Amino acid sequence: MEYDVIVAGAGPAGSTTARYCALYGLKTLLLDKAAFPRDKPCGGGITVRCMNLLEDIPKHIKEKECNTIRMHYKKNNFEKTYDKTLVTTVERVNLDKHLLDKAASAGADVIPKSKVEGFFASSNRVEVEASGGTYSASVLVGADGVNSKISRLLGNRQSQSRYILTCEAEISASPGMLQKQGDAIDFYFDAVSYGYGWVFPKKKCLNVGVGCLLGEGQKIKKSFDTLIRRIGLPNLTPPKYALIPYGDFNKKIVADNTLLVGDAAGFGEPLTGEGLYYAVRSGKLAAETIASASEKHDFTQRTLQAYEGKCRSAFSGDFRRARIVVENLGRHPDVGYKMIVKNEPVVDKFVNIQFGDGTYLDFRNWFIPHAPALLINSLLLK
Ligand SMILES: Cc1cc2nc3c(=O)[nH]c(=O)nc-3n(C[C@H](O)[C@H](O)[C@H](O)COP(=O)(O)OP(=O)(O)OC[C@H]3O[C@@H](n4cnc5c(N)ncnc54)[C@H](O)[C@@H]3O)c2cc1C
């Protein structure tokens, strides 16, 4: 069957791309290898800036609206409650089904249990081979996640330095544990080198995980077990291992009749591992670019390259600066994490990025002149 756009992968990036392509009036097909609803390893933490992009998430999909942040580094603990929601937690099984339904309501055809196996681009068209059949379109959007086949077929190689390794589980917690957790999200900066541990509250369970640079992850299961014991949870649920892209622009994300979005494009925030914001934002930027390419009937790399330019100007500064922070914290954890945990203004400025009220550039511009005083504070304060 003939389409304007085929989107491979119906996670947040793919469903957003498909929804907006359909809203632009493009004949859109959304394929996913899974049957929905399907789960995906994820903390399910949606930042304010991501929630703003998602616009209308129904109340029943929201698990907890978290206003409190707690940070732990060795014997140092920080806690602050903000007067607005910092992170809203969701179950991905529900969020992703909701976004898929939005794409379908906007007019996209959806075919689940259809795995994309390959594609062939020529003469301004792309033929897509999937387990259920062969489809043709002007553009193929690779939204097939962190292990993207489409990315590999574009010639991208998976290199260790491009990923964060995670070990994560959703653990049923007693009413007492859930009450103790309340609406707080916890970060454990001493759980692992070049990364952190987290606890995110859901309605009936806690999402607990550890993530670090892939090259540092040999003992990640041990770090996960230690964190579970430290917070006093039963260690009954086997954890899942998964990767998050360590955001950069070293990949080819655009070719003739093809582009990549979300994790497939390598879009993940290097410091926090946040990927949902980048998935949704890149999906919207992709749809916008495809719609304008469609007006010109030109789907060559040259025209679609506008998408990469938009993503670069939206994300690359943050990715680069966040990587610098990760690498410095990894090299000097005692100085770096104490500077965070013992200085409320550092946390406030960082939280502003998650609220969408600031960028890493704002953070850097504020941090450099304040660094000496912050350092002294962190050395002197008990
Ligand atoms: C442990 C962990 C915790 C995380 N916590 C957070 C968090 O709290 N907040 C946050 O913002 N981000 C978090 N992330 C990152 C976030 O999960 C991802 O960035 C996000 O899911 C990316 O969305 P996506 O649509 O690009 O890919 P995905 O959500 O992975 O969706 C890809 C889709 O493609 C389908 N697919 C794959 N291959 C094929 C194929 N060949 N053919 C057809 N379909 C295919 C899959 O079935 C899947 O549905 C976390 C990640 C991990 C691993």
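Residues numbered from 1 in each chain as written. Predicted model: local features only at pLDDT ≥ 70, side-chain atom pairs only at ≥ 80, totals over all residues. Heavy atoms only, no water.

**Q** Explain the site of the ligand to me, using residue names and the numbers behind them.
**A** Neighbouring the ligand are 36 residues; Asp32, Gly45, Arg92, Val116 and Asp263 lie closest to it. Contacts to the ligand include aspartate 32, whose side-chain N or O atom sits 2.6 Å from an oxygen atom. Isolated, the ligand exposes 1000 Å² of accessible area, and the fraction of that covered by the protein chains is 93%. When contributions to the shell around the ligand are tallied by element, the ones reaching two or more residues are α1 (12-23), β13 (163-172), β15 (195-201), β17 (240-245) and α7 (276-296). When residues in the shell around the ligand are grouped by element, the largest group, 3 residues, is from β17. Its residues assigned to classes, the shell around the ligand shows 15 nonpolar, 11 polar and 10 charged. (Near = heavy atom within 4 Å. Polar contact = N/O pair within 3.5 Å; in protein donor to acceptor, adjacent residues only side chain to side chain. Areas by Shrake-Rupley, 256 points an atom, 1.4 Å probe, with all protein chains shown as cover. Helix = DSSP H or I, 4+ residues; strand = E, 2+ residues; numbered from the N terminus. Nonpolar A, V, L, I, M, F, W, Y, C, P; charged D, E, K, R; others polar.)

**Q** Can you break down the domain arrangement of the chain residue by residue, with the values?
**A** Per the domain assignment, the segments making up the chain are domain 1 (5-55 + 92-156 + 251-319) and domain 2 (332-380). Of note, the centres of domain 1 and domain 2, computed from C-alpha atoms alone, are 34 Å apart. Contacts between the two partners involve 8 residues from domain 1 and, on the opposite side, 7 residues from domain 2. Carbon and sulfur atoms supply 56% of the area buried between domain 1 and domain 2, which totals about 650 Å² over both sides. Of all residues in domain 1, Val48, Arg49 and Asp318 give up the largest surface area on contact with domain 2, accounting jointly for 56% of the area buried on that side. Inspection of the region where domain 1 meets domain 2 yields 0 salt bridges. (Domains from an automatic or database assignment. Contact = heavy atoms within 4.5 Å. Buried area = accessible area lost by both parts, 1.4 Å probe. Salt bridge = Lys/Arg side-chain N within 4 Å of Asp/Glu carboxyl O.)

**Q** How would you explain the environment of glycine 211 if you had to name every residue and give the values?
**A** Structurally, the position occupied by glycine 211 is in strand β16 (residues 205-213). The sequence separation of glycine 211 and methionine 71 amounts to 140 residues, and the corresponding C-alpha distance is 15 Å. Among residues more than four places away in sequence, those in contact with glycine 211 are Ile164, Leu165, Thr166, Val192, Tyr194, Gly195, Tyr196, Trp198 and Ile220.

**Q** Can you tell me about the packing of α1 against helix α3 (residues 92-106), naming the residues and giving the values?
**A** Closest axis-to-axis distance for the α1/α3 pair is 8 Å, and the angle between their directions is 20°. When the interaxial angle is binned, α1 and α3 end up roughly parallel. Where α1 crosses over α3, the two elements pack in a sense that is left-handed. Contacts between α1 and α3 involve Pro12, Ser15, Ala18, Arg19, Ala22 and Leu23 from the former and Arg92, Asp96, Leu99, Leu100, Lys102, Ala103 and Ala106 from the latter. (Axes fitted to C-alpha atoms, helices over the stretch in contact; angles between N-to-C directions. Parallel < 35°, antiparallel > 145°, perpendicular 65-115°, else oblique. Left-handed = near helix turned anticlockwise from the far one by under 90°.)

**Q** Give me the lowdown on the sheet that holds strand β3 (residues 45-47), citing residues and values where you can.
**A** Overall, antiparallel pairing links the 3 strands, which are arranged β3-β7-β4 in an open sheet. What marks the edges here is a single partner per strand, and that holds for β3 and β4 (62-66). Sheet twist, expressed as the mean angle between neighbouring strand axes with direction ignored, is 25°. Direction of pairing for β4 relative to strand β7 (residues 87-90): antiparallel, over a ladder of 4 bridges. When the sheet's bridge partners are listed, glutamate 65 is paired in β7 with threonine 88. (Pairing = 2+ DSSP bridges.)

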